Amino acid sequence: MAAASPLLSLLLLLLLPLPATNAIYCDEDDCYDLLGLKQDANASEIKKAYYKLSLKHHPDKNPDPESRKLFVKIANAYEILKDESTREQYDYAIAHPEEVFYNTAQYYRAYYGHKTDPRAVLIGLLLIVSAFQYINQLTRYNQAIESVKQTPAYRNRLKALEFERTGGIASKKKGHKQVDKKVEEEVSNEVELQIHGVEKPSVWRLYGVQFILLPYSIGKLLTWEICWFWRYWVKKLPYAWEDACYLTQTSLKIPASTWKNIDESRKEDLVTRRLWEKGNMERYIAETRKESKRRR
């Protein structure tokens, strides 16, 4: 809760207009003046003054509308001054009216922070962050797709697929140089776009969803670790193909998306090298460097 209160105060500061320091707590009035007290009044005097004025201005005692409005102000002033922490903040605001941001943050923290469930604040922040994350991923992905579609390789592949689907009869609409828009839209869905560094947006990768699934993810990871230890450290079994691929990928320090796009024959060659073993990796690096120098 303590961590959520400053964050909530910051959000309120950004969203709400800042009033003058002397108008934060009791509007344009002085809280002490409303109770007919001096600033050095003690807790007992504050309580007595409030009860005395409530007998005079309480709606049950006095039906006058103006008296009702005054009672609301008196009750608010009493709520501020009866609590030591809020009174201390109010006294500080009176003594330092130039510190508007600090005084306003203290006010909102005192009056709204304790009323707000930190779990609700956390959920709200996760939803906001996840929404921005998804929009950002979708924008980047769409931009990457449009960039790939402008490449000659994509256009050639598109024309080849159109040629196959039309049985070798090229579209004559809008000239020979322009691919029919409808056909392009249909055929482009069959073209596998090779976009490096950008993945298609998925709700499963959003921070909010990952946070919700965190217990499941931790349990799954622990299960995997236990199974790995039992199979390959205790029983000394040979590595399965998927596990060998995982070891090779991590040894080469390449992302899963890059490994996925590698040719199967190349994958098989890398896996058979057992690059997760130090000596094999050193020989592979030496061979790669030698090949690179030879090509130069």
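Residues numbered from 1 in each chain as written. Predicted model: local features only at pLDDT ≥ 70, side-chain atom pairs only at ≥ 80, totals over all residues. Heavy atoms only, no water.

K.L.:
Where do I start with the packing of aromatic side chains in this structure?
P.N.:
Working definition: an aromatic ring pair is given by the centre-to-centre distance plus the angle between the planes. Considering all chains together, one arrives at 12 aromatic pairs under this definition. For the pair Y232 and Y239, a centre-to-centre distance of 4.6 Å together with 50° between the ring planes defines the contact as tilted. Plain terms: the ring middles of Y239 and W276 are 5.4 Å apart, the flat faces sit at 80° to each other, and that makes the pair edge-to-face. Pair noted here: Y239 is in the loop between α11 (214–234) and α12 (241–252) and W276 is in the loop between α14 (264–272) and α15 (278–295), with a separation of 37 residues, a long-range link. (Phe/Tyr/Trp six-rings, centres within 6.5 Å; stacked < 30°, edge-to-face > 60°. Helix = DSSP H or I, 4+ residues; strand = E, 2+ residues; numbered from the N terminus.)

K.L.:
Help me understand the state of the cysteines, please; the structure alone is not making it clear to me.
P.N.:
Cysteine pairs can be covalently joined through their sulfur atoms, and such a bond is termed a disulfide. What the rule picks out here adds up to 1 disulfide. Paired through a disulfide, C26 and C31 show a sulfur-sulfur distance of 1.9 Å. Between C26 and C31, the disulfide has an S-S torsion of 105° and is therefore right-handed. (Disulfide = S-S within 2.5 Å.)

K.L.:
Would you mind showing me how to read the environment of K73 here?
P.N.:
Checked against the element boundaries, K73 lands in helix α4 (residues 65–82). On the basis of relative accessible area, K73 is assigned to the partly exposed category, the value being 36%. For the pair K73 and D27, spaced 46 residues apart in sequence, the C-alpha separation works out to 8.8 Å. Other than its neighbours up to four places away in sequence, K73 contacts D29 and L34. (Buried < 20%, exposed > 50% of the residue type's maximum accessible area, 1.4 Å probe, protein only. Contact = heavy atoms within 4.5 Å.)

K.L.:
What is the right way to read the environment of L237 from this model?
P.N.:
As for its placement among the helices and strands, L237 is situated in the loop between α11 and α12. Note on L237: relative accessible area 41%, which makes it partly exposed. If we skip the residues at most four places from it in the chain, L237 touches R231 and Y232.

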